[in-house]
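# Commentary on secondary and tertiary structure
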Amino acid sequence: MKVPVRWLKELVPTELSAREIAERLTLAGLEVEAITEIGSTWDNIYVGVVERIEPHPNADRLVLATVDAGTHRLTVVTGAPNIAPGQKVALALPGATLYDGHSVEPKLITLKPSTIRGVRSEGMVCSEKELGLSDEHEGIMVLHADAPVGVPLREYLGDQVLELEITPNLVHAFSVVGVARELGALIGQRVRYPERAPLPVGGPEGLVTIEAPDLCYRFVGVVIEDVKVGPSPWWMQQRLQAAGMRPINNVVDITNYVMLEWGQPQHAFDRDRLREGRIVVRRARPGEKIETLDGVLRELDPDTLVIADAERPVGIAGVMGGLESEITEQTRTVLLETANFEMRSIRRTARAQRLRTEASARFERGLDPNLAWEGATRAIALFQQLIPGCRVTAVVDIYPNPRLPRQLCMPRSEIPRLLGVDFPDELVLEVLDRLEFQPELRQEDGRAVIIVQVPTYRSDVTIAADLVEEVARVIGYHELPEALPLGRTVPVEISPELRLVRAVQDTLVAAGLTEVITYPMVDEAALRALLPGAATFPDRYGLYPRPERELVRAVNPIRPEWAIMRPSLLPSLLRSAAENLKFNRAVAIFETGKVYLPRGLDELPDERRTLGCLLAGARHLRDLYHEERPVDYFDLKGVLETLLPRIGAPDLRFRPLTHPSLHPGRAAEVLVKGQPVGILGEVHPEVVEAFEIDPDLRVVFAEIDLQRLLEVGLEPPRLRPVSRYQPIDQDFAVVVDEATPATEVADAIMAGAGALAVSVRLFDIYRGPAIPAGKKSLAFRVTFSAPDRPLSDEELARLRERIEGHLRRRVKGELRR
Amino acid sequence: MSGEVERIRQQALAELQQASSTAALAEWHGRYLGRRGELTQLMRRISQVPPEERPAYGQAVNALKEELAARFEQREAEVKRSELSQRLAAEAVDVTLPGRAADVGGLHPVTQMIREVTTIFNHLGFQTVEGPEVEYGYYAFDALNIPQDHPARDVWDTIFIVSDQKEIVLRPHTSPMQIRTMERRQPPVRVVVPGRCYRFEAVDATHEWHFHQIEGLAVDEHITMADLKGTLAEFARQLFGQERKVRFRCDYFPFVEPGVDFAIDCMFCRGEGCRVCKGTGWIEILGAGMVHPQVLRNVGYDPERYTGWAFGMGVERLVMLKYGVPDIRLFYQGDLRFLAQFNRALA
């Protein structure tokens, strides 16, 4: 909302600058977002009076005007059709900065004396457009007759405009009067309310009928006859424009002016264009339409509250009037509506019609019905001032349930209880008095209470805490001390899940991966793309089986590609990889995000904390020491083999996996304690390509269900004694069938060695002429150590024999000699 | 014969001085002190010495042997040191060549900020908890004193989830966890809640439809707005520097009363007014206030006995302010060239 500072200061006279006013209001909850200046460019422009007009010797359409501006007296050449002797005008001297009157775009020029058709023009009388006030350039701007000659125009007309953000609770401050009340309370000054006209109630039966009393709480209808429609005076137009509204004509401008001043929207109908000259407030009938003032033909649903005449809607209540009954130059009789409507209904209608107006913005915040009377009486005062000779001939006020001030009782102790600091009684009472709450400090049941009468326009004050806020904000939150909470503390325990996530993140960072956070939403195309060929949806989304139910879906996604809550991290990470591979040769990323598995339609989904890791492109960039090589399955497997034992996942296993999105020969299920917790594999080249990544690049992906890991049970380290004796390394070359998994061979060695083998490491795989076809030789280095003794040669020989036996029995392996 | 001993001595010492490598030294050692070396030969020749001179001869040879052994040891040490320094000299490298990199990745700046902020609050006695992102309208709005069809709802442009009877939304703030936390426990309550939030909002340099918030809540007897002010000031100074000034002003959120907007003095212009603070000298970093009595009643707490305060802040904004990130969209484009700039260990 825009509040011109001059207007505000007329109601609350103060020496404070606009900036100081803005500061006070902002601290008290009325945030001033900006202060704009009107007339900041007006140097060398003064209020002048036109002394005489003479014809231009060489041009019929130009005149010579002599203008007196006190210390300056100039003759200017002008073509303005409306100039006349005695007018007060804005006189620009050479050097003044003006907007170019002929330029469509705002363009500043500096005025120089010039010769027009052979006559020297020493300055210029300005149009509104030249002053940057409006687009009006038909004639010069004529100032009010009171304008003081010789005064700089900026002093006379310049203004500053506060732009306030009106939070939903601030309907009482949605007007100049409202802001003035706030400012008055803050600086301890009473508001000088604008003049209103007495209005005797009386009028014909049936002038106004309310058929929907649940949606219309009050209707003040005033009939004004002998109205002469014309432009409103300059001062009113100026204020409307400063507040961001366009002047239309005197009648409409009065209603808008009252709305800006008091916050009460009004509507003026041309009564002669109302069927039977009467008003009915009712719900719209099926099929009814109305063409509103903005020229749009609108269909009305039966929830819409309308202002109708005897036959048809002539306005959408609280939102916008109808075109057919609008005020025109021919209007002689006005029916002025000043009403109060149910806020939710107005809000629904404004949303349904996509029509947010100054009126609806105020009604939907819940206006005080008592304000209608103030609005009507103020409007009539303005009618009488602006349109001499107009007559009020009927006044009806339908207001079956008048709203009365609310009495509120606050324990005196509530202030220190909530604020942690107390203020003297006198100060508290003075603040509440400045807010016009009529406070009274009393003893009731042995305790001190403050009783207030909350003005009806303060619908936001309903409980004691509201009063505490009033006291605190008027005194100023800066008066509150800084303390730390006293009293009982709670154990700060961090959940196992949070600790796990943190450990996973830290380990992966140390392993060279960078954390990304991706949008957790995908679309159907991305899910289909997880199946090579994308003919339909895969039966698994990453780690998780495709749910039977519909996935979690947004009704109103920001973009269609963000419509579905992801069931796996795979599409998110593939998208991130695709973007990054445009700029990087090596991508190593992870996300510890959530996947969203649907439950019932009205149930919240299962949000599972999941780890996704992705390597793509090169593993190492070529440098002095490394050749570059493409990533593969084993790079990411190594990461998991580092990660999982570090976070306490015992007994880690990998078993071959067939997965729709993964390479058929390079994919594994990840098991902890025999339970599947994740998947790992190279992404299928067709899937890679579907995500717009070069299919010749290898992409490796792993997805681990972190919640599942916790369910399976992470374990603290099991300590084994550290031996004082030298460990002994022995190598075992084992010849097995090509198809035998290496893990099983290592397991057989471990089983044979028992507790004495502290590590078994595969260091070579040999295939070739030295061993039979269809076989491979796996070379393991086994480290033996006993905690309590050096191992003797005999013992080692026995171990070797036992290992040999296990290899033979379990994997049909033979030791190479 | 004693002339012969002296001759050998002169010769041996001269040759020792010549020997400048380990190999030459070994050869010298063999020649003079070895089993068949010159000294052994000299000793053997004692038989040719007249008997009365033999003791003196024997002593002279032994003395020479000792002398040579000592001189050898000395020379050997010299040679070894000189050989080592030659080797080291030969091993000199261009120390400015790049090292062999240890590949270390990094945490997302939002994760880092969440850790930093929650750690500060953990140390102030707040427990970190998390809650669902897909949330019932009841928790996201109604229980927080934001009724259906209330203009306050417009503040949160919400993304809705397909459902049947119940209203389900993507939470537009972390505040629903105020309700969930209080439903589960009795006072005292002190929690911080980090998490993702979503709004139906056009994306630009300062707005994202997907972002993170951190909520805080303290409820007990004797919890006051002065504590809120002190706690937030302490937090802001730990995060943005001890010299920060703080500003508390009145603001409106339906689930608190009194409501607070919390700002710090602009660290870019030190409060003078600049583009970042829009000329005001202040930067708003969070909204807060005393928990509304209706909210306490909604979870079954007695508002006459308990008071509380709550606050909520945008994490991305904190990162943007702290590190001068110009555009919020950078966080979720996932560009490693951006993210890698935050690869650092937390202070």
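The shown structure was predicted, so the numbers you read here are calculated from the model rather than taken from an experiment. (Residues numbered from 1 in each chain as written. Chains lettered and ligands numbered in written order. Predicted model: local features only at pLDDT ≥ 70, side-chain atom pairs only at ≥ 80, totals over all residues. Heavy atoms only, no water.)

## Remarks on the domain arrangement of chain A
Parsing chain A into structural domains produces domain 1 (2-39 + 160-187), domain 2 (45-157), domain 3 (208-398), domain 4 (406-477), domain 5 (496-712) and domain 6 (728-815). For domain 4 of chain A versus domain 5 of chain A, the separation of C-alpha centres amounts to 58 Å. (Domains from an automatic or database assignment.)

## Looking at the sheet that holds strand β1 (residues 127-128) of chain B
Hydrogen bonds along the backbone pair up the strands of a sheet, which may run parallel or antiparallel. Residues and elements named next belong to chain B. Pairing within the open sheet is mixed, and its 7 strands lie in the order β1-β5-β6-β10-β9-β8-β7. The outermost strands of the open sheet, each flanked by one partner alone, are β1 and β7 (246-250). Summarising the sheet, strand β5 (residues 189-198) and strand β6 (residues 210-220) pair through 10 bridges and their orientation is antiparallel. Across the sheet, P194 pairs through a bridge with I214, a residue of β6. The sheet strands contacting helix α5 (residues 109-123) are β1, β5, β6 and β10 (307-314), and the helix crosses β5 at an angle near 165 degrees. (Pairing = 2+ DSSP bridges. Helix = DSSP H or I, 4+ residues; strand = E, 2+ residues; numbered from the N terminus. Contact = heavy atoms within 4.5 Å. Axes fitted to C-alpha atoms, helices over the stretch in contact; angles between N-to-C directions.)

## A word on the nonpolar core
A:L25, A:L162, A:I279, A:F383, A:L574, B:F235 and B:I285 are the most contacted members of the largest nonpolar core, which has 255 residues in total. Of all the elements, helix α9 (residues 371-386) of chain A adds the most residues to this core, at 9 residues. Here A:L574 is in contact with A:L530, A:L614, A:V683, A:V687, A:F691, A:I693 and A:V699, once residues within four sequence places are set aside. Judged by nonpolar contacts, the second largest core, of 33 residues, contains A:V504, A:V639, A:I647 and A:I704. (Core = buried A, V, L, I, M, F, W, Y, C linked by side-chain atoms within 4.5 Å. Buried < 20%, exposed > 50% of the residue type's maximum accessible area, 1.4 Å probe, protein only.)

## Side note on the layout of surface pockets
Residues and elements named next belong to chain A. Considered as a void within the structure, the second largest pocket measures approximately 2,000 Å³ in volume. Elements represented by at least two residues in the lining of the second largest pocket include exactly α16 (633-646), β36 (652-656), β37 (662-672), α19 (742-753), β41 (757-766) and β42 (775-784). Here the residues of the lining of the second largest pocket are counted per class, giving 27 nonpolar, 5 polar and 16 charged. (1 Å grid on protein atoms, 1.4 Å probe; cavity = no way out; pocket = protein on both sides within 12 Å on 5 of 7 lines; lining within 4 Å. Points joined across faces, edges and corners; volume = space filled by probe spheres on them. Nonpolar A, V, L, I, M, F, W, Y, C, P; charged D, E, K, R; others polar.)

## Section: empty space enclosed by the protein
By the definition in use, this model includes 4 cavities of 30 Å³ or more. Put simply, the largest cavity is a space of about 120 Å³. Take the lining of the largest cavity: its biggest share by element is 3 residues, from helix α4 (residues 176-187) of chain A. When the residues that make up the lining of the largest cavity are grouped by side-chain class, the tally is 6 nonpolar, 7 polar and 3 charged. Around the second largest cavity, the lining comprises 15 residues; the ones closest to its centre are A:A28, A:N169, A:L170, A:E469 and B:C250. Considering only residue class, the lining of the second largest cavity consists of 5 nonpolar, 4 polar and 6 charged.

## Considering the pattern of salt bridges
For the coordinates displayed, the defined rule picks out 89 salt bridges over all chains. Here A:R378 and A:E261 are joined by a salt bridge, their closest N and O atoms 2.6 Å apart. With A:R378 in helix α9 and A:E261 in helix α6 (residues 250-262), the pair connects residues that are 117 residues apart, well separated along the chain. Classification of A:R378 as buried rests on a relative accessible area of 7%. For A:E591, the salt bridge goes to B:R196, with nearest N and O atoms at 2.8 Å. Within this pair, whereas A:E591 is found in strand β33 (residues 586-597), its partner B:R196 is found in strand β5, the two belonging to separate chains. Judged on exposure class, the residue A:E591 and its partner B:R196 are both buried. Connected through shared salt-bridge partners, A:R599, A:D606, A:R608, A:D705, A:R708 and A:E711 make up one network. (Salt bridge = Lys/Arg side-chain N within 4 Å of Asp/Glu carboxyl O.)

## Notes on the interface of chain B and chain A
In this complex, chain B contributes 100 residues to the contact, which on the side of chain A involves 95 residues. For the pairing of chain B and chain A, the buried interface totals around 8,200 Å² over both sides, and the portion due to carbon and sulfur atoms is 57%. The largest contributions to the chain B side of the interface with chain A come from B:D149, B:W209 and B:L336, which together make up 8% of the buried area. At the surface where chain B touches chain A, the tally comes to 7 salt bridges. Here B:R237 makes a salt bridge to A:E482, at a shortest N to O gap of 3.3 Å. At the junction of chain B and chain A, the tally comes to 46 residue pairs in polar contact (both at pLDDT 80 or more). (Buried area = accessible area lost by both parts, 1.4 Å probe. Polar contact = N/O pair within 3.5 Å; in protein donor to acceptor, adjacent residues only side chain to side chain.)

## Remarks on the packing of aromatic side chains
Remark: the centre distance and the inter-plane angle together describe each pair of aromatic rings, the angle taken between the planes. Residue and element names in this part refer to chain A. Per the stated rule, a full pass over the model turns up 27 aromatic pairs over all chains. Ring centres 4.6 Å apart and planes at 20 degrees place the aromatic pair W7 and Y257 in the stacked group. Here W7, found in helix α1 (residues 5-11), pairs with Y257, found in helix α6; they are 250 residues apart in sequence, far enough to count as distant. Of the two residues, W7 and Y257, both sit in the buried class. (Phe/Tyr/Trp six-rings, centres within 6.5 Å; stacked < 30°, edge-to-face > 60°.)

## Digging into a nonpolar patch on the surface
Residues A:V555, A:L601 and B:V162 make up a contiguous nonpolar surface patch of about 260 Å² in total accessible area. Its place among the elements puts A:V555 in the loop between β31 (544-545) and β32 (564-565). (Patch = residues over 30% accessible without salt bridge, like charges linked within 9 Å, V, L, I, M, F, W, Y side chains within 5 Å. Areas by Shrake-Rupley, 256 points an atom, 1.4 Å probe, with all protein chains shown as cover.)

## Considering the pairing of β10(B)
Residues and elements named next belong to chain B. Most of β10 is tucked away: 7 of the 8 residues are buried. Bridge count between β6 and β10: 8 bridges; the pairing is antiparallel. Its bridge partner lying in β10, D220 is registered against T307.

## What about helix α10 (residues 315-323) of chain B?
All names here are of chain B. Three or more residues of α10 are buried, namely V315, E316, L318, V319, M320 and L321. On its buried face, α10 is in contact with α5, β6, α8 (225-240), β9 (282-291), β10 and α11 (330-333). Where α10 ends, the next residue or the one after it, G324, has phi of about 65 degrees, a positive value.

## Observations concerning the domain arrangement of chain B
Interface extent is often summarised as the accessible area lost during association of the parts. As far as domains go, chain B holds domain 1 (2-90) and domain 2 (109-342). Centre-to-centre separation of domain 1 of chain B and domain 2 of chain B, based on C-alpha positions: 88 Å.

## Things to note about the packing of α19(A) against helix α20 (residues 793-811) of chain A
Relative orientation and spacing of two packed helices are given, respectively, by the angle between their axes and the distance between those axes. Residue and element names in this part refer to chain A. Running from N to C, α19 and α20 cross one another at 140 degrees; their axes reach a closest spacing of 8 Å. Here α19 lies oblique to α20, going by the angle between them. In the crossing of α19 with α20, the sense of the turn from one axis to the other is right-handed. Only L799, R802, I803, H806, L807, R810 and V811 of α20 make contact with α19, whose side of the interface consists of E744, V745, D747, A748, I749, A751, G752 and A753. Class assignment for the residues of the contact of α19 with α20 results in 9 nonpolar, 2 polar and 4 charged. (Parallel < 35°, antiparallel > 145°, perpendicular 65-115°, else oblique. Left-handed = near helix turned anticlockwise from the far one by under 90°.)

## Points about unusual backbone geometry
Cis geometry marks the peptide bond from B:P187 to B:P188; its omega dihedral reads 5 degrees. On the secondary structure map, B:P188 appears in the loop between α7 (176-184) and β5. Of note, the bond from B:E257 into B:P258 is cis; its omega dihedral lies within 30 degrees of zero at -5 degrees. Structurally, B:P258 is set in strand β8 (residues 256-265). The phi torsion at A:N44 lies on the positive side, around 60 degrees, for a residue other than glycine. For A:N44, a relative accessible area of 33% translates into the label partly exposed. Look at A:R354: it is not a glycine, yet its phi comes out positive at around 50 degrees. As for its position among the elements, A:R354 is in the loop between α7 (343-352) and α8 (358-363).

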